[in-house]
Amino acid sequence: MNNLLKFLWLPMLSGIFIGTSYIPFPPWASLFGFVPLWLFWTRQSTFKNVLIGGLTTAFVFTLIGFNWMAYLLHEFAHLDWPYAIVGLLVYALIAHLFVPVAGLLWFWGQRTWRWPAGLSLAMLCIITILCEAYSVTLFYWNFGYSWYGAGVPLYHCAEIIGFKGLSALTLACNLPLYWAWQSRRQTSGKVIFAAVVAVFGLLNLGGIALKARLPAPDASLNVLMAQASVGNSEKLAAELKQGYRAEILRRYMTLTNDALIANADTHIDFALWPETAFPALLGERFKNDPMPTALAKFLQTRQLPLITGAYSVDSDSRLVSNSLFVLDKNGGIVPPHYSKTILLAFGEYIPGEETFPQIRQWLPATGHFGRGKGPTELLQLDDFKIGAQICYESLFPEFSKDLAQLGAQFIVNVTNDAWYGDWQEPYQHMYMTLARGVEFRRPVLRVTNSGISTASLASGEVLALSPIYQPWAGVLKVPYLKNPPSTFYQRTFWLVPGLLWGILGVLLWIGFKGRQQI
């Protein structure tokens with residue numbers, strides 16, 4: 001055991017560095033987290049050792065940064081805690097395979113082409129960046145979000161290169177810091193380190209300048225957010241028509257009404273309820289059912305528009321959909337409504353079931369939801385142009401880009417985070433959602449069932465946070481632009497991926513030419 005720890009201490013150190021730089025931790029080691037692993041890899045002579053080192057790093061940082069997976073398996077899959085912990089261990093082993101894959105690709109290239117030392121390290125860096133950018137995972141984390149979570153001004157550069165670009169830049173900094181460590185006893189090492197610090201400082205000054213040049217908002221809205229903190233067992237019972245529907249609706253109405261009374265001197269533009277907060281079917285076909293009728297009466301009495309998550313039925317597939325509706329101040333449904341497009345694998349659909357329908361027979365308890373048509377139109381309420389997204393659709397910048405292209409003045413995100421615990425995931429998911437507002441310089445209004453509900457401005461400023469796992473309602477004033485301009489990132493969305501692939505091509509060409517000259 002001691003020999004194994006001695007052998008793997010560098011990959012383990014990388015895992016600790018990376019894991020403790022994820023939200024809610026500050027990104028203290030983001031710029032050099034991969035250095036110990038790369039030191040380990042450059043000393044190996046077999047594929048097996050490179051693979052083990054990469055798996056070890058990914059396993060350790062996943063355990064630290066994503067240990068909420070055990071809570072999810074306990075709550076969502078109803079596994080006993082021992083099995084949930086085993087599930088976490090399995091997840092930690094396979095969730096971030098981009099790390100060992102990057103090592104294996106680099107090692108194969110090094111053995112095949114015999115790159116010189118400098119070129120070899122540059123190849124290691126760019127291969128790691130590309131593998132991270134195109135990794136397959138359920139939770140699309142990247143290394144750029146932590147700068148936003150910690151409030152480091154560097155995050156404003158996301159309006160130019162996106163948070164994926166910030167992630168690539170963060171990983172790229174590991175290369176000069178690797179050289180600085182290797183040359184730490186020489187003047188060159190100190191110079192490289194000082195250069196990295198200087199560039200990092202300049203980038204933060206650039207971030208401050210980007211924020212300062214933002215145009216002043218020319219409008220504002222007051223949104224009433226309600227977070228009822230309905231337990232998962234109650235939501236499940238409501239979904240299965242086993243009760244709690246009337247109670248859930250009563251809680252949201254009571255919270256909303258109490259907030260209206262507490263803010264009687266404030267004009268409320270609309271209320272916002274989270275994902276599937278309305279616990280019954282909603283839509284024109286169902287507007288005369290008892291619960292939609294009760295909701296319409298509640299809104300009409302208070303002359304209060306509402307945007308709420310609800311269930312509906314997809315007209316094409318005839319499947320239940322996870323949807324977002326706008327209701328006017330008289331309780332009437334304002335078309336169009338939006339239905340969730342990016343569904344949760346094994347929660348809302350089974351991958352491959354359209355090609356192999358028999359899979360549904362093996363997993364009958366898995367959700368089977370209709371899929372929406374994507375970000376093809378905006379929600380309408382009065383003069384507002386509203387971009388709609390549900391839950392983890394916010395993790396995909398291309399989704400929010402399409403909303404921005406449609407002219408959304410702000411983005412509304414409704415979520416249920418009650419499956420994940422109260423420490424890591426709510427903060428990670430919150431900043432990943434609000435990050436889209438920085439990339440496209442639009443406010444993001446985020447309301448959840450159990451926290452964290454809040455809003456961010458185009459400047460990235462995050463307004464008051466709701467408590468976690470507590471009923472809460474609050475009114476937030478959100479300034480916005482009526483006609484927000486497109487950001488550089490929005491206009492050149494594929495620039496960073498193109499540059500990364502271009503750099504890889506140039507490095508391969510250099511290696512090929514060098515081999516020819518031998």
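Residues numbered from 1 in each chain as written. Predicted model: local features only at pLDDT ≥ 70, side-chain atom pairs only at ≥ 80, totals over all residues. Heavy atoms only, no water.

*Asks:* Got a minute to help me understand the state of the cysteines in this structure?
*Replies:* Following the criterion strictly, the structure yields zero disulfides and no others. With no disulfide of its own, Cys125 has Cys173 as its nearest cysteine by sulfur position, at a separation of 8.9 Å. Among the residues examined, Cys125 registers a relative accessible area of 6% and is labelled buried. For Cys157, which is in no disulfide, the shortest distance to another cysteine sulfur is to Cys173 and amounts to 12 Å. Owing to a relative accessible area of 12%, Cys157 belongs among the buried residues under this scheme. (Disulfide = S-S within 2.5 Å. Buried < 20%, exposed > 50% of the residue type's maximum accessible area, 1.4 Å probe, protein only.)

*Asks:* It is not clear to me how the pairing of strand E8 (residues 384-390) should be interpreted in this structure. Could you clarify?
*Replies:* Regular strands show a simple pattern: their side chains alternate between the two faces of the sheet. In terms of burial, E8 is largely enclosed, as six of its seven residues are buried. Pairing of strand E7 (residues 379-381) with E8 involves three bridges; the strand directions are antiparallel. Paired with Leu379 across the bridge in E8 is Ile386. In this structure, the hairpin formed by E7 and E8 is closed by a connection of two residues, where Asp382 is found at a positive phi of approximately 55°. Sheet analysis places E8 next to strand E9 (residues 410-415), joined by five bridges and oriented parallel. For Ile386, the partnering residue across the bridge sits in E9 and is Phe410. Once the chain exits E8 it traverses helix H16 (residues 397-405) before rejoining the sheet at E9, and the crossover so formed is right-handed. (Helix = DSSP H or I, 4+ residues; strand = E, 2+ residues; numbered from the N terminus. Pairing = 2+ DSSP bridges. Right-handed = clockwise from strand over helix to strand, strands pointing away.)

*Asks:* Can you walk me through the pairing of strand E4 (residues 306-313) in this structure?
*Replies:* Most of E4 sits out of view: seven of its eight residues are buried. Where strand E2 (residues 270-272) and E4 come together, two bridges link them in parallel fashion. Among the inter-strand pairings, Ala271 is bridged to a residue of E4, identified as Leu306. Alignment of strand E3 (residues 278-281) against E4, held across two bridges, turns out to be parallel. Paired with Leu281 across the two strands is Tyr311, which belongs to E4. At this point the chain moves from E3, through helix H14 (residues 290-302), to the parallel E4, and the crossover so formed is right-handed. As judged from the eight bridges shared by E4 and strand E5 (residues 320-327), these two strands associate in the antiparallel manner. Residue Gly309 lies in a different strand from E5, and its bridge partner there is Leu324. Between E4 and E5, which pair antiparallel and follow one another directly, the connecting turn spans six residues, one of which, Arg318, has a positive phi of 65°.

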